[in-house]
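The primary structure of each chain is shown beneath.
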Amino acid sequence: MADNSKSGIRQTYINELDDLVGYEMENQLLLDEHVLEILKRLTLAIQREILIATNDKNRVQWVTIGDASTVAIGDKDMLYHEKCLNKYRVIHTHPGGNPNLSEEDFSAAKNQGLQCMVTVGVAEGMATSFGIGVPVIEEETMVYGQALFKNLKELNAFPLEYYILQANRFIKNDPNTIFDVEDTEERALLLGIELQVNQGVDLADSMEELAQLVKTAGGKVMERVTQARGQIDSTFYVGKGKIQELTKLIQNKDVNLIVANDELNSKQIANIEAVTGTKTVDRTTIILDIFARQSKTREGKLQVELAQQKYRMSHLKGLGIVMSRTGGGIGTRGPGEKKLETDRRLIRKQIEDLEARNERINKSNTLNALQRQKNNIQTVSLIGYTNSGKSTLFNVLTQSEAVTKDGLFVTLDSTLRKIGPEQGDYLVSDTVGFIEKLPHDLIKAFKTTLKEVETADVLLHVVDVSNHNYEAQIDVVNQVLADIGVGHKIVIMVYNKIDKLPENQREELIAKNQSAVEEHSLYISAKEGLQIDLLLEVIQKVLRGEKRQIKLLIPYDDNKALAALHEKKVVLGIEYEGDGNLVTIEITDEFPIHLFEKYVV
Ligand SMILES: Nc1nc2c(ncn2[C@@H]2O[C@H](COP(=O)(O)OP(=O)(O)OP(=O)(O)O)[C@@H](O)[C@H]2O)c(=O)[nH]1
Ligand SMILES: [Mg+2]
């Protein structure tokens, strides 16, 4: 014990404390009854704070008397390590009985990067309550937050390791190194089935898309296996024989991950893993993993994590076996390098928290949308299959620099920009792309982001017309739109990437643009800037609404009706007929013509 802490303390007490050094807590607890008893008794006797530091094996390293600011004295190891938390845990008493961490406690913990700072409130002959300060990752910073407990049992049940892990990942702050620590390279075998009644994208293309997804998630594709079947096998997804065949391939090609092209239930995952001994995930997990890697905003991260946790909650049984053995990789990482929780109780708690936060964001977003409606600024939302060129078009339209890349799910968060007044006065939003078999929880979770789509006046459906599957992709997008309840919106079809088509075909398509306004559809190249002015014109026309002229015969005694029309500024001219005023009005679809139905001539 440091000399200066001993003054005025009875030698027997000092001996008793010194004897603690080297002691290992029972059952690997953070704090056991034996040490608690000593801390409590001596704190009451000397009425000063007592501190002990334990290592990550809960073995006592040193003991001292004084407050938290003395923690660093004489101990060079207690420094913030370069790339991870200090390995010490500090446990100390508060003679007043208050379990809350003091300012000094927090700053001592933070300055030295402690794994935790435990407080034991001691008063009236007993340990009254407990507190723990742990590193918590909030937005982009690490802070120390505290939790309080009524008794020792509760304190020891606190999931300290979880917080330490998260903090260490954050400190490393380099997703690649972090993943390298735990993940070996993932060498995937893709498994798909061709159903007899196959709709949508055909199997070869769907498998190619899956391969791209796996690559985007950081995996390497070693092999593709498909099987034609009447239906999905409820036990193994593909037939049992096929699964047994896989084991040989897995060995030969050194595969360590199986990826199914459809969503699997927990039973199927567990069964495939049991036969092959290889970690198994599905398309949904891969998509969630990509979203987790690529979401940037607080809101996006929140939504992805929520979708991941919900998915994990429903698949927890299947995740146990091989996943816990491999420890990392696809399917285990959340947004911002966070490792996903495996404890069911904690997941449930996290889902509740995330949902509450999501709800709050949701409310403020609805407010924004309402505000905009009030301000009467119209919005145009870019939607479409992933990689169709939405962000590229967004940049062209708004002269901004949203990220565009050849890859899947480059954009996850919606961005909103105003179009310059010369092109009309409206907002354009770029949104997340859609894909075949988009996980359902993800769509639900992304409802907030998709709010822009919901409140948009017009949707621009961007299609990569150079992709031979573009028609199936259009169907997928329309299906998602129907799922999120916006199937009825006015849509302008924008067939993009015509520069990639052969010249004669391109000319033919551009010729079709002559009827773009009536058809609400046109062919462009966002990248080469082809036909963009026409697109701007079409958008404006659609936003303004097609105007039509109508004649109404209003009796001379209905002054109210005429006044109402004047007020709405739709009156083009009035002629005086024998029966009343013959009024010509010019209106758009939004005009409540039903109110004047009886006067229409
Ligand atoms: N040749 C050609 N390439 C284009 C065109 N428009 C976009 N691209 C390319 O297509 C790729 C995807 O473009 P993005 O704008 O990122 O696509 P996105 O729809 O926003 O994709 P996600 O955000 O991932 O859903 C990029 O490599 C673009 O350069 C085009 O008109 N012609
Ligand atoms: Mg994009």
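Residues numbered from 1 in each chain as written. Chains lettered and ligands numbered in written order. Predicted model: local features only at pLDDT ≥ 70, side-chain atom pairs only at ≥ 80, totals over all residues. Heavy atoms only, no water.

1. Remarks on the site of ligand 1
For step 1, the next point in the chain: In the vicinity of ligand 1 lie 23 residues, with Lys390, Thr392, Val410, Thr411 and Asp499 positioned nearest.
For step 2, the next point in the chain: Separating an oxygen atom of ligand 1 from a side-chain N or O atom of Lys497 is a distance of 3.1 Å.
For step 3, the next point in the chain: Isolated, ligand 1 exposes 650 Å² of accessible area, and the fraction of that covered by the protein chains is 92%.
For step 4, the next point in the chain: Tallying contributions element by element places helix 13 (residues 390–398) first for the shell around ligand 1, with 3 residues.
For step 5, the next point in the chain: Looking at the shell around ligand 1 residue by residue, the class counts come to 4 nonpolar, 12 polar and 7 charged. (Near = heavy atom within 4 Å. Polar contact = N/O pair within 3.5 Å; in protein donor to acceptor, adjacent residues only side chain to side chain. Areas by Shrake-Rupley, 256 points an atom, 1.4 Å probe, with all protein chains shown as cover. Helix = DSSP H or I, 4+ residues; strand = E, 2+ residues; numbered from the N terminus. Nonpolar A, V, L, I, M, F, W, Y, C, P; charged D, E, K, R; others polar.)

2. Some details on the packing of aromatic side chains
For step 1, the next point in the chain: Following the criterion strictly, the structure yields 5 aromatic pairs and no others.
For step 2, the next point in the chain: Pairing Phe149 with Phe158 gives two aromatic rings, centres 5.7 Å apart and planes at 65°, and the pair type is edge-to-face. Each member of the pair, Phe149 together with Phe158, is buried.
For step 3, the next point in the chain: Ring centres 4.9 Å apart and planes at 20° place the aromatic pair Tyr495 and Tyr523 in the stacked group. Here Tyr523 lies in strand 16 (residues 521–523) and Tyr495 lies in strand 15 (residues 490–496), a separation of 28 residues in the sequence. Side by side, Tyr495 and Tyr523 carry an identical accessibility label, which is buried.
For step 4, the next point in the chain: An aromatic cluster of three or more residues is present, and its members are Phe149, Phe158, Tyr162 and Tyr163. (Phe/Tyr/Trp six-rings, centres within 6.5 Å; stacked < 30°, edge-to-face > 60°. Buried < 20%, exposed > 50% of the residue type's maximum accessible area, 1.4 Å probe, protein only.)

3. Notes on helix 5 (residues 160–172)
For step 1, the next point in the chain: The terminal C-alpha atoms of helix 5, which comprises 13 residues, lie 19 Å apart, in line with the 18 Å expected from a rise of 1.5 Å per residue.
For step 2, the next point in the chain: Buried within helix 5 we find Leu160, Tyr162, Ile164, Gln166, Ala167, Asn168, Arg169 and Ile171. (Expected span 1.5 Å × (residues − 1).)

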